[in-house]
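Residues per chain are reported as follows:
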Amino acid sequence: MLTYDRANELFHYETNSGKLFWKKTTTNRVKVGDEAGSFCKSTGYTNVVIDGKGYTLHRIAILLATGVYDKTVQVDHVDHDRGNNRLSNLRVVSHTENMRNQSLRNTNKTGVTGVCVKYTRKGTKRYTANIVYNYKPIFLGNYDTLEEAAAARAEAERKYGYHENHGI
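Numbers given to residues run from 1 along each chain, matching the order in which its sequence is written. At least 70 in pLDDT is required for a residue's local features to be given in this predicted model, at least 80 for side-chain atom pairs to be given and counted, and no such filter applies to totals for whole chains, interfaces and linings, which use all residues. Derived side-chain values reflect all non-hydrogen atoms in the structure, with water molecules and hydrogen atoms excluded from consideration.

Visitor: Pulling in residues and values, what's your account of the overall build of the chain?
Guide: Think of it this way: any DSSP run of H or I at least four residues long counts as a helix, any run of E at least two long counts as a strand, and we number them from the N terminus. Across its full length, the chain holds 4 helices and 10 strands. Going from N to C terminus, the chain has its helices and strands arranged as α-β-β-β-β-β-α-β-β-α-β-β-β-α. In terms of its C-alpha atoms, the chain occupies a principal-axis envelope of roughly 70 × 25 × 25 Å. Burial analysis of the chain (168 residues in total) assigns 35% to the buried set. Here the chain contributes 25 positively and 17 negatively charged side chains, and the mean placements of these two sets differ by 8 Å. Exposure classes here rest on a 1.4 Å probe applied to the protein chains alone. A residue is buried below 20% of its type maximum, exposed above 50%, and partly exposed in between. For the purpose of charge, His is not counted, nor are the chain termini; Lys and Arg are scored as positive and Asp and Glu as negative. To locate a charge, the coordinates of NZ of Lys, CZ of Arg, CG of Asp or CD of Glu are taken.

And the structure:
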């Protein structure tokens, strides 16, 4: 596993730009001062190979900033942009906290996380609001308008400690 000493030997991390630069040549493809990492299309993360093992840039950034590399916690990108590795955009959180700062899913049809549209037998629209807290789904109610359902969901997000960027 990557240690602080090894990471510090190899890299310089700019906290304001979120960029990682090589301090030491490790292969003939790496020059001192080059920006480290390559973008992975499938995950959206920037990856760096060190001693034959792959690491994500945001985890190396946290290691260099805090001195800790802990695989039992997660590193959350506050603004949901996996390419933004500025220290101000990264936070160390539990899995539960990370799930409370998710982007709006591309399959969402209402534009509001936790709100779905249902049609009654008469063919009228009703909006259902739900939230998950401690792995348990909580029904928040049925509403005539999307705005009412969204307000109920927003209130529940505040009540249950969801991040302000959740669903954006």
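From this point, the discussion proceeds with the structure in view.
Visitor: Go over the nonpolar core with me, naming the residues and quoting the values.
Guide: In this text, buried Ala, Val, Leu, Ile, Met, Phe, Trp, Tyr and Cys residues form a nonpolar core when linked through side-chain atoms within 4.5 Å. In this structure, Phe 11, Leu 20, Val 48, Ile 50 and Ile 60 are the most contacted members of the largest nonpolar core, which totals 21 residues. Considering each element in turn, this core owes the most residues, 6 residues, to helix α2 (residues 57-66). Not counting chain neighbours up to four residues away, the residues in contact with Ile 60 comprise Leu 2, Phe 11, Leu 20, Val 48, Ile 50 and Tyr 55. Counting 7 residues, the second-largest nonpolar core is a separate cluster that includes Val 112, Val 115, Ala 129 and Tyr 143. Contacts: residue pairs with any heavy atoms within 4.5 Å of one another.

Visitor: Requested: an account of the environment of Val 78, with residues and values cited.
Guide: With respect to the element layout, Val 78 can be found in the loop between β6 (74-77) and β7 (90-93). Under the relative-accessibility criterion, Val 78 is labelled buried at 18%. Considering only alpha carbons, one finds Val 78 and His 12, 66 residues apart in sequence, at a separation of 22 Å. Sequence-distant contacts of Val 78, that is, excluding residues within four places in its chain, are made with Asn 89, Arg 91, Asn 101, His 163 and Asn 165.

Visitor: Just give me the short version of unusual backbone geometry, but keep the residues and values in it.
Guide: Trans peptide bonds make up most of the peptide bonds, and negative phi angles are found at most residues other than glycine. Its identity as a non-glycine residue notwithstanding, Asp 51 has a phi of 50°, on the positive side. Checked against the element boundaries, Asp 51 lands in the loop between β4 (46-50) and β5 (53-56). One non-glycine residue with positive phi stands out, namely Asn 134, at about 50°. Accessibility expressed as a relative area gives 45% for Asn 134, which makes it partly exposed.

Visitor: Give me the lowdown on the sheet that holds β5, citing residues and values where you can.
Guide: Pairing between strands is defined by DSSP: at least two bridges between the two strands are required. Reading across the sheet, the 3 strands line up as β3-β4-β5 and stay open at both edges, with antiparallel pairing between neighbours. In this open sheet, the two edge strands, each paired with only one partner strand, are β3 (38-39) and β5. Bridging between β4 and β5 involves 4 bridges; their strand directions are antiparallel. Residue pairing for β5: Ile 50 is matched across the bridge by Lys 53. Each of β4 and β5 is contacted by α2, which is oriented at about 75° to β5, the strand it contacts most. Angles shown run from 0 to 180 degrees and are taken between the N-to-C directions of axes, each axis being a line fitted to C-alpha atoms and, for helices, limited to the stretch in contact.

Visitor: Go over the pattern of salt bridges with me, naming the residues and quoting the values.
Guide: One side-chain nitrogen of Lys or Arg within 4 Å of one carboxyl oxygen of Asp or Glu is enough to make a salt bridge. Enumeration over the complete set of coordinates arrives at 6 salt bridges. Counted as one network, the salt bridges with shared partners bring together Arg 6, Glu 9, Lys 24 and Asp 51.

Visitor: Which residues make up the sheet that holds strand β9 (residues 125-133), and what are the values?
Guide: The strand order across the open sheet built from 3 strands is β8-β9-β10, with neighbouring strands paired in antiparallel fashion. The sheet is open, and its two edges are formed by β8 (115-119) and β10 (136-143), each paired on a single side. Averaged over all adjacent pairs, the angle separating strand axes in this sheet is 30°, with direction ignored. Two strands pair when backbone bridges link them, and β9 and β10 are joined in this way by 7 bridges, in the antiparallel orientation. Within β10, the residue paired with Tyr 127 across the bridge is Tyr 143. Of the strands in this sheet, β8, β9 and β10 are in contact with helix α4 (residues 146-159), which crosses β9 at around 10°.

Visitor: Could you give an account of the environment of Thr 128, with specific residues and numbers?
Guide: You can see Thr 128 is positioned in strand β9. A relative accessible area of 7% means that Thr 128 is categorised as buried. Excluding anything up to four places from it in sequence, Thr 128 contacts Gly 114, Val 115, Cys 116, Lys 118, Phe 139, Gly 141 and Asn 142.

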